[in-house]
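Coordinates in review
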Amino acid sequence: MPHTKRFGVVGMAGMLLPALLVVMVPAQKAPAQNFSPRSTPASIAATTQNNATTQNNATTAAQGQNGAAAQNFREVMDETGRTVRIPQPVMRIVSLAPSLTETIYALGLQDRLVGDTDYCDYPPEAQKKQKVGGAINPSLEEIAHLRPDVVLVTKHLNTLDTVHSLDALGIPSYATDPRNVDEIVASAKRLGEVLGAAEAGAALAEDLRRRLDVLRQKIGTLPPRRVLFVVWTDPLISIGKDTFIADALRRAGAVSIIDSKQDWPQVNLEEVAHLQPEVLVFAESHAESTLQHFEVLATRPAWRILNAVRERNFAVISEAVNRPAPRIVTAIEELAEKLHPEAFVEKPAADQVSGNTVADAKCLCAR
Amino acid sequence: MRPLTIQRLFLQCTALAGILFVVVIIALKAGAVEVSLFALGRDLIRVIVHHGGEIKSDYGLIVMNIRLPRILLGVFVGASLAVAGTGFQALLRNPLADPYVLGVSNGAALGAILALLVSPHLSLLPAVADLLTPLGAFLGAAATIAAVYFLGRREGQIDSTTLLLGGVITGSFLAAIIMFLMTSETGSNLRGMAYWLMGNLSTSLQPSVYWILWLGFLLGAGAIYTTASDLNLLLSGEKEAMHLGVDLPRVRLVVYIAASLLTGLAVSVSGSIGYVGLLVPHVMRQIFGSDHRVLLPTAAFGGAIAVVIADTIGRTVVPPAELPVGAMTALAGAPLFIYLLRRRMA
Amino acid sequence: MSTIARPLEMGAFRSPGEASRANNEVRLSVEQVSYAYSPNPTQAPLFTLEATSFQARAGEIVAILGPNASGKSTLLKLIAGTLEPLSGRVLLNGFVTHSLTARTRAQRIAMVQQESQLLFPARAWEFVLQGRHPHGRALRFESATDIAVARNALAQVGAAELSDRWMAELSGGEKQRVILARALAQQPLLLLLDEPTLHLDIAAQVDLLHGLRHLAVENRYTVVVVTHELNLAGEYADQVVLIQRGKCLRVGPPGVVYQRELLEQVFQTALSVELGPSGRPRVIVVADREER
């Protein structure tokens, strides 16, 4: 029946959106200049006479009548290759993705965040910010009403439509597109630079890299554990090898047994039973419900074929692993500790207390 | 003049059963894990004779516990949808009718989604909790059946046109609610739901559910089959059927409830697998004619064969990932539909 | 239309009492039936048919005659038992037709209507076999008896050679005959036809009525035909029920009912009635009013 199938297509499209988004075309009429990914400030006052007549969200009161540019702009290239003109200094930011909101807080720029999406829930203070709707369908009116200097979007969540609409309104939008953990760190640092908090950005990146290095030292030589990252169980959905989540798993000393080019492949249970992962990894905000759910899985004959199910080898980590934001490093550390507990022991082996290293209600990992 | 005889019906059904058997065997063999059919057969016989002895080998477990249940589920779903589709096409006197046209599948989907949202907040025994989603789906389907029934009546009886209108409207309304719920949760919270809604046989179920499904199929398909002769007459027109002795209100009610029941059962375990209920009856009609005494059983076999083939292709074509069976039936079904349409017009 | 086949055997399907009756008892008795309906609940009901009565015997043809929208079809449906009369009753061999179950009714009353669109293709013999549905169990496969009856029915309407043809390929007249054959296959006591000559050419019309008369006599049917064809009714009917705007104006043999003033009033046009060569009245439309 048409409406059912139409809905199914919508659902599928909504999920394949990351794969469907193409490189966005340049929207500004700024003269083409070769910018390296590291932006160089340029004063644009003279060249923006014809641009200034477009609707402008200038916040300074000294704006001239016929749009003679009374404030500075800076041209930067975002992570999708678009050239974006951002007013300086950046005082009003709207974030259209939870990961971007987290990054802003991590950069200490939360006072300049004037609006975010309904789903921006971390840190908790972010929930008090003015909401502009969902990530996929934000309210353009709300955004315009907030008069932002720049709107932050990310390619894996937001849509081309939104960006085009913002362009039509003359609101600059800066897009990130981190594909792995390194890029997440670099993206955070770059965001700091673009938003006028270069020092904070550098410090943040430094800290994240340091933590990742420490991790690498601890577990880099250990053989990675074979895991299945479970996104959904009915049907079974995991993550593709090119996703940042897969990269995060690698940093945590694990390797996803699913080798697929799709971002969210539906996986055949037979395949998993054949590969016999050591550990099942869940990313949940509520460990209790995952525990329950796992017990439910353990009653099914098909799932009981998995050693990991029968022996209760599963790990629950923070949902932060699903977001390309600084907090993903915390999730990586969390997972590394659960998968390689012996690498995190503080005392020498002689003093080891009986089996109490990672006595964690969430994880029932056993070697 | 060659009227239908039991012998001919039996022969046709046996032929189709044979094809189904072959398809099932091929499906058993196809998959990520290599299976030796000889060894499998030997183990199967041993299990049956010893009443469920242990199958030790790796492949054996995989085949018996994952592949075989999935294939059987495909047989059930295919047969149910095809029979339901045949019933609705006769009931609504509309060759474009499929099992979902009266909104049952959307009701089931909504029930499943609500069950999913509710279940973390309840503490139930694991085995019971696992039944919550199919149960929710079935309750959603049942509620929709009742609602559309009351909407579809005129002067106290089911009227085909009113039923169709009521069903389509209800279905649209439910689809809107589903869309609202789905878009109001981002992240992985309900992402998996979209895969399920596309039509999926890969959900593994508790064994008890299979018994319920088969019982439901026998009841539903059996009930529709008792009206087979009446449905033949219905094809000539409702008034004519009445003058030829068909108890129209009773037949309509029986077919409506039975076909909706079959659809509800199928959707509550596998989402909305499309095109099977619409096209299998047409194909069987081309081969075997419009006599429902033949059409109903052959459609059941045909649906089972179609779904098992589609599912087998879906799970072997892009390992380790798989394509949902609903996507496969749509890929095959749409061109087939166009072909059938043009044949009729030619 | 040739009647080369044997008359259909009827004895096995009658109720015990009927076999012992004399040949010419009244079979169909329409007693003061009337009908009204409300198009919607708040409006007062419209009378489609006021109290009407007539009787018919086996072997008779009754024509219900009147202009369009006079209530003829309503009367036919009341006789068929598919509508419940507001007052009065219709008796077929002593049974009230409306109170029978659909199945029992179909064993005794056969309705021939304009065929509605067949949804899926069917062959003529399949179509005729549908007439056997009221006899036997609900879910059944056709028995030898059924096949014989169906074959015979096709032969009786002269359509034996159409047996294997697809219904969609038949001409109007051929289809009409097959539909009639299906009605005959029901082995009814009462044969009802609603405007059967509408889409037929003259030859086919005559063929049909002629055939009906033969069938009525040979198979001992009571035939009720709704029509507005004055001359066909006049030629072939044993009784005519004349209806105008829901009122039954006269019942009787054509010679009695076909009075010029009456007919002109009912059909609202200048007519003249003559006696035809067969002894039956013939009605002629007077073309030019001034000449009279």
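What comes next is a walk through the structure.

Before going further, it helps to examine the overall build of chain A. Counting secondary structure elements, chain A contains twelve helices and ten strands. Counting the 367 residues in chain A, one finds 44% classified as buried. Put simply, 60% of the contacts in chain A that link residues at least 6 apart link residues at least 24 apart.

Turning our eyes to something else, we now look at the interface of chain C and chain B. Counting from both sides, the interface comprises 27 residues of chain C and, opposite them, 24 residues of chain B. Looking at the side of chain C that touches chain B, the elements with two or more residues in it are α3 (102-108), α4 (124-129) and α5 (144-156) of chain C. Among the elements that take part in the side of chain C that touches chain B, α3 of chain C stands out by supplying four residues, more than any other. Looking at side-chain class alone, the side of chain C that touches chain B contains 15 nonpolar, seven polar and five charged residues.

Our focus in this paragraph is the nonpolar core. If you look at the biggest cluster of nonpolar residues, it comprises 271 residues, and the most contacted ones within it are Val281 of chain A together with Val128 and Leu192 of chain C. No other element matches the 18 residues that helix α3 (residues 58-91) of chain B contributes to this core. The two domains that each donate at least three residues to this core are domain 1 (39-59 + 67-208) and domain 2 (223-351) of chain A. Here Val128 of chain C is in contact with Ala150, Ala153, Leu154, Val178, Ala181, Arg182 and Ala185 of chain C, once residues within four sequence places are set aside.

Next up on the list: the interface of chain A and chain B. Size of an interface, as often reported, equals the accessible area lost when the parts are brought together. On the chain B side, the residues contacting the 45 residues of chain A number 51 residues. Of all the elements, helix α1 (residues 2-20) of chain A adds the most residues to the side of chain A that touches chain B, at nine residues. Its residues assigned to classes, the side of chain A that touches chain B shows 22 nonpolar, 16 polar and seven charged.

It is worth spelling out helix α12 (residues 276-288) of chain B at this point. Residues and elements named next belong to chain B. Taking 1.5 Å per residue, 13 residues should reach 18 Å; α12 reaches 17 Å between its end C-alpha atoms and fits that length. Among all positions of α12, only Val276, Gly277, Leu278, Leu279, Val280, Pro281, His282, Met284 and Arg285 are buried. After α12 finishes, the residue Gly289 shows a positive phi value of roughly 95 degrees.

Residue and element names in this part refer to chain C. Direction vectors running N to C along α5 and helix α6 (residues 172-185) enclose 135 degrees, while the axes themselves pass 8 Å from each other. Regarding the angle of α5 to α6, the classification is oblique. Considering how the two elements wind past one another, α5 and α6 form a crossing that is right-handed. On α6, the residues touching Val149, Ala150, Ala153, Leu154 and Gln156 of α5 are Ala181, Leu184 and Ala185.

Turning next to the sheet that holds strand β8 (residues 222-227) of chain C. Residue and element names in this part refer to chain C. Strand order in this open sheet of six strands is β6-β7-β8-β3-β9-β10, and the pairing throughout is mixed. The sheet is open, and its two borders are formed by β6 (109-112) and β10 (247-252), each paired with just one other strand. In this sheet, adjacent strand axes meet at a mean angle of 15 degrees when their direction is disregarded. As paired strands, β6 and strand β7 (residues 190-194) are joined by four bridges and run parallel to one another. When the sheet's bridge partners are listed, Val112 is paired in β7 with Leu193.

What counts, and at which threshold
- Residues numbered from 1 in each chain as written.
- Chains lettered and ligands numbered in written order.
- Predicted model: local features only at pLDDT ≥ 70, side-chain atom pairs only at ≥ 80, totals over all residues.
- Helix = DSSP H or I, 4+ residues; strand = E, 2+ residues; numbered from the N terminus.
- Buried ≥ 20, exposed ≤ 12 C-beta atoms within 10 Å, placed from the backbone.
- Contact = placed C-beta atoms within 7 Å.
- Nonpolar A, V, L, I, M, F, W, Y, C, P; charged D, E, K, R; others polar.
- Core = buried A, V, L, I, M, F, W, Y, C linked by C-beta atoms within 7 Å.
- Domains from an automatic or database assignment.
- Expected span 1.5 Å × (residues − 1).
- Axes fitted to C-alpha atoms, helices over the stretch in contact; angles between N-to-C directions.
- Parallel < 35°, antiparallel > 145°, perpendicular 65-115°, else oblique.
- Left-handed = near helix turned anticlockwise from the far one by under 90°.
- Pairing = 2+ DSSP bridges.

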